[in-house]
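Results of the structural survey
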Amino acid sequence: MAESFDVIVIGGGPGGYVAALRAAQLGARTAIVEKDRIGGTCLVRGCIPTKGLLQSSELFSLAKGGRPFGLVADNLGFDWPAAQKRKTAVVDQLVKGVEGLLKAGGVTSLRGSARLAGKGAVDIDGDQVQAKDIVIATGSAIARVPLLGAELTIDSDKILELPEVPRRLAVIGGGVVGMEFAAMFAALGSEVTVLEMLPQVLAMVDADLVAVYTKHLSGLGGKIHTNSKVSAIAKSGGALRVTFSEGGQEGVVDADQVLMAVGRVPYTHGLEAEKAGVKLDRYRIVVDEKLHTDADGVWAIGDVIGGIMLAHVASYEGVCAVENIAGHKRIPDYHAAPNCIYTDPEIAHVGLGEKEAKEKGIAVRVGRFPFLASGRALTLGQTEGYVKVLADPDSGKLLGAHIIGPRATDLIAEATLAIQNGLTMEQLDLTIHAHPTLPESLMEAALAAQGRAIHIGNRKSQVPSGGFAATSPASGAERASTSPESADERASPSPVRGEVKTQTAEKSQNREKEMAATLKPSSPPPTAPSAITPKSLELKKENRDFLLGLHREMQLIRRFEERAQEQYTKAKIGGYCHLNIGEEATVVGGITALKPNDWIFTSYREHGHAIARGVDPKAVMAELFGKETGTSHGRGGSMHLVDYAKRFMGGYGIVGGHLPLAVGGGWAVKYRKQKDVIFCMFGDGATNIGAFHESLNMAKVFKLPVVWFCVNNRYGMGTPVEKASAVADIYKKACAYDMESIQVDGMNLREVLLKTSEIVEKTRGDSEPRFVEALCYRFRGHSVVDPDKYRSEDDKVKWRKADPIVAFEHELEKSGLGDEEYFKNVRVEVDNEVKDVIQFADESPDPKTEDLYKYVYAGQWDNNPMLRAERV
Ligand code: FAD
């Protein structure tokens, strides 16, 4: 007679064996059937062998970078067969361990292929066993796509058994499995190329984290092609050639091995499940909320039911299913299921993501803490990445945690526990965290989300007096923290930033909150010391915050402009879009020399000038997009960027048209007997027009406090200065008006700042106009549509070597104020900030048609207190 059990589990993976052990614990007579090795995909071909090998590649990377730690390892090499041997030993030990557990737990292990053979019956290679309840845990199999030449590829099973590390590896599919192997082999020295059909690899991960991983991989020489569809694999010479299309263009990658990693599908082959009344949806077994199938007494768990196909989820479902069999009510709850990705750096996340929050319209408060500011991460020498938390703005409940960095896959456990149990950020931060440890970073991220971070700066306007404030703070370990005065100075009535309660500003701020509650505010420029002196610019520790702030500001402006260019090509920005990439030192140095009460008159189109002055980059981008939240309510585009609170009088078309306005500004200041300086910025092209000469002349005749600041990037549109102007040294033109004038190296941030500051202060003192010419170079064409054919490649290459940001980074690095890791992190941080900026602009409303003439004529601004005429 057939042997009889209470519960039979089919499949010995992490779902099946955990279910069997729990069933036995609950007193059920239990059997488990496995046709291959106990442990399933996870132990034999998945989680464990990959992590075993990844440990080897990680050790190799650490050893390669071991010198600063005192490690002396000459002739360092990697022994792949030895790593394989160790991996196999780990797998064998675990398989044996699970077999022992099953035996000790009283579970009967049966070997063979199982088939459902009628109610309560299971056939195992011809032998029948009976059970009151059957749990299907047959897992999943490798998915394949019918590509031309697919037979030449290897899969995630075969790659584990490779005899050697491939010199070149192509990975088809940017999912978790593909990315883990990409990280492993890139660390071992393979040239890795990833081809992913979607716009992003690791589609389930927040884009900001993916950007960090992508950068790291590219640092190892790895390449990622997104939006790329592979069409064929063929032999070519001694290698394999993968052909793909990317944005309509065909590309090829040559590789020694091609890994096909396009996912997994639930596995029911040979089970005859449907015959037994089990419903399938394509390959997936359909279950109800208790994990019961359509067939009486038949349950299913793990990969075979689809959903979250991870080992720990399979085990969790195994426990739920058998507890339901035992009569407890266990409905699986997946809201705190963590996902770990063993790339380098590691990635882990749990709960709500930023993208999901946005799509679902869920308001969240965001807090970040970079590992760069973690003592433990520094001691480990692994400071790449950060912890990001998302919380409910009202209750403070933690809703999501996203980590990229050292041991992210372990760190996620605390956040998982918190989310599972509905803990608040306050409960997290009131828990004593051991020091120095990586989990402190989660606590700090929770604090940062509440504006109370201890080990990174909080922005004053966002520090709540109690409970939760309405906006989410930005953070960054190296960002200069803001003094109370400067925070107040930042108050602005511009449509999207600030706290001055004009009706318009308030309305727009509310709109921003409604529209983009998940977005972080943009970061302000660094706070300058009360006086710019040679001492305050020395490359010393006491000036570090300020100098790093200047560096970050230059990066922010550059990234903003690069992304603006992309937005223009996507037709998000209309009209013209001019780029000043390469001029960052001139712009940041010149503008930082000013005091908050000084006024800036500049050319139209100068986005970077506005940002350097502290105008919110979101408002600037929104203006370029023609959106209601822009600096001029979308009416000006790049032609009129203005922010009265910042005393940024914006740009006025056309070239040089604003110079007479600066004279008017100078008159006003003088008339009011104020000590403010008018700072008028223009390009070299503007110095060849009549308005330039008239303006300089008038400023001198009437002794107006104007500093003329010429951004000489050597080309007025496509014409070189020496061809357009009889006086190639433009500062000499000011001599005609008996004006003190200087020329500065516009690629040298500290020089521009110091010399301009001296000139500005002299003018403040004696109300005499002066002139500064900053010699710089723009790295791109005059505008996005300029093909830039008039400059020789040699010229461009020569100037690129003088990149002002790189030059400043070298200075900071040499003096120990920053290192490569830090600069890398700033780039990531700034990139994320600009992404938020674009997202904000994208999601902002268009001006209403009926309001199109509003804010165009002066009368429309009558209610704006900033513009009300004052009696003097
Ligand atoms: P499986 O582990 O697939 O086990 C099913 C078992 O059923 C197999 O042993 C199979 O032989 C047996 N079986 C099938 N049909 C029959 C039958 N008719 N009769 C008898 N026996 C049968 N997940 C993580 O959580 N973390 C990771 O780091 C991770 N890394 C991975 C890396 C790789 C390369 C791969 C491929 C997967 C990885 N996974 C990881 C996924 C994880 O392995 C699976 O989610 C997990 O193994 C699913 O467990 P399961 O019990 O549902 O199925």
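This text gives an overview of the structure that appears in the document. The shown structure was predicted, so the numbers you read here are calculated from the model rather than taken from an experiment.

**A short note on the side chain of Ser725**
Tracing the backbone through its elements, the reader meets Ser725 in the loop between α21 (721–724) and β30 (740–745). Using a relative accessible area of 8% as the deciding quantity, one classes Ser725 as buried. A polar atom in the side chain of Ser725 sits 2.9 Å from the backbone oxygen of Val727. A distance of 3.0 Å separates a polar atom in the side chain of Ser725 from a polar atom in the side chain of Lys733. Each residue touching Ser725, except ones within four places of it in the same chain, is listed here: Asn688 and Lys733.

**Thoughts on helix α24 (residues 804–814)**
Every buried residue belonging to α24 is among Pro804, Ile805, Phe808, Glu809 and Leu812, and all of these are buried. Axial view of α24: buried residues confined to an arc of 135°, hence all on one face. At the N-terminal end of α24, a side-chain oxygen is found 2.9 Å from the backbone nitrogen of Ile805, two or three residues along, and the residue is Asp803. Of the residues one or two after α24, Gly816 is the one with positive phi, at around 75°.

**Digging into the nonpolar core**
In terms of nonpolar packing, the biggest core is built from 71 residues, with Leu550, Ile573, Met621, Phe679 and Phe709 touching the most fellow members. It is helix α15 (residues 544–569) that provides the largest number of residues to this core, a total of 10 residues. In this structure, Ile10, Ile134, Val298 and Val304 belong to the second largest nonpolar core, which totals 54 residues.

**A few points about helix α4 (residues 80–104)**
Counted at 1.5 Å a residue, the expected span for α4 with its 25 residues is 36 Å, and the 36 Å between its end C-alpha atoms agrees. Of the positions making up α4, those classed as buried are Trp80, Ala83, Gln84, Lys87, Val91, Val95, Val98 and Leu102. Structurally, α4 contributes buried residues whose contacts are with α1 (14–25), β2 (30–34), α2 (40–45), α3 (47–64), β3 (108–111) and α5 (176–187). Once α4 finishes, Gly106 follows within two positions and takes phi at roughly 80°, a positive value.

**Some points on the sheet that holds strand β8 (residues 168–172)**
One open sheet holds the four strands; their spatial order is β10-β9-β8-β14, and the pairing between them is parallel. The open sheet has two edge strands, β10 (223–225) and β14 (257–260), and neither has a second partner. Across the sheet, the mean angle from the axis of one strand to that of its neighbour is 15°, orientation sign disregarded. Here strand β9 (residues 191–195) runs beside β10; their pairing, made up of three bridges, is parallel. Across the sheet, residue Val194 finds its bridge partner in β10, namely Ile224. Across the face of the sheet, α5 comes into contact with β8, β9 and β14 while running at roughly 165° to β9.

**Some points on the site of the ligand**
Lining the immediate environment of the ligand, one finds 40 residues, of which Gly15, Glu34, Thr41, Lys51 and Ala311 sit closest. Take Pro14: an N or O atom from its main chain is 3.4 Å from an oxygen atom of the ligand. Here Gly15 contributes a backbone N or O atom positioned 2.9 Å from an oxygen atom of the ligand. Going through the elements one at a time, α1, β2, α2, α3 and α7 (311–325) are the ones with two or more residues in the shell around the ligand. Here the element with the most residues in the shell around the ligand is α2; it accounts for four residues. Its residues assigned to classes, the shell around the ligand comprises 15 nonpolar, 17 polar and eight charged.

**Considerations on the pattern of salt bridges**
What the rule picks out here adds up to 57 salt bridges. Where Lys87 meets Glu161, a salt bridge forms, and the shortest distance between an N and an O atom there is 3.5 Å. With Lys87 in helix α4 and Glu161 in the loop between β7 (140–142) and β8, this residue pair connects regions lying 74 residues apart in the sequence. Judged by relative accessible area, Lys87 falls into the buried class, the value being 3%. Look at Glu161 and you get exposed, because its relative accessible area is 55%.

**Details of the pairing of strand β22 (residues 386–391)**
Across the six residues of β22, six count as buried, placing the element largely inside the fold. The two faces of β22 match: Tyr386, Lys388 and Leu390 on one face and Val387, Val389 and Ala391 on the other face are all buried. Sheet analysis places strand β21 (residues 365–370) next to β22, joined by six bridges and oriented antiparallel. Directly across from Gly367, in β22, lies its bridge partner Val389. Sheet topology places β22 next to strand β23 (residues 398–405); six bridges connect them, and they run antiparallel. Bridging across to β23, Tyr386 finds its partner in Ile404. Between the antiparallel neighbours β22 and β23 lie six residues, among them Gly396 with a positive phi of about 80°.

Reading the values: the criteria
Residues numbered from 1 in each chain as written. Predicted model: local features only at pLDDT ≥ 70, side-chain atom pairs only at ≥ 80, totals over all residues. Heavy atoms only, no water. Helix = DSSP H or I, 4+ residues; strand = E, 2+ residues; numbered from the N terminus. Buried < 20%, exposed > 50% of the residue type's maximum accessible area, 1.4 Å probe, protein only. Polar contact = N/O pair within 3.5 Å; in protein donor to acceptor, adjacent residues only side chain to side chain. Contact = heavy atoms within 4.5 Å. Arc of directions from axis to C-beta. Core = buried A, V, L, I, M, F, W, Y, C linked by side-chain atoms within 4.5 Å. Expected span 1.5 Å × (residues − 1). Pairing = 2+ DSSP bridges. Axes fitted to C-alpha atoms, helices over the stretch in contact; angles between N-to-C directions. Near = heavy atom within 4 Å. Nonpolar A, V, L, I, M, F, W, Y, C, P; charged D, E, K, R; others polar. Salt bridge = Lys/Arg side-chain N within 4 Å of Asp/Glu carboxyl O.

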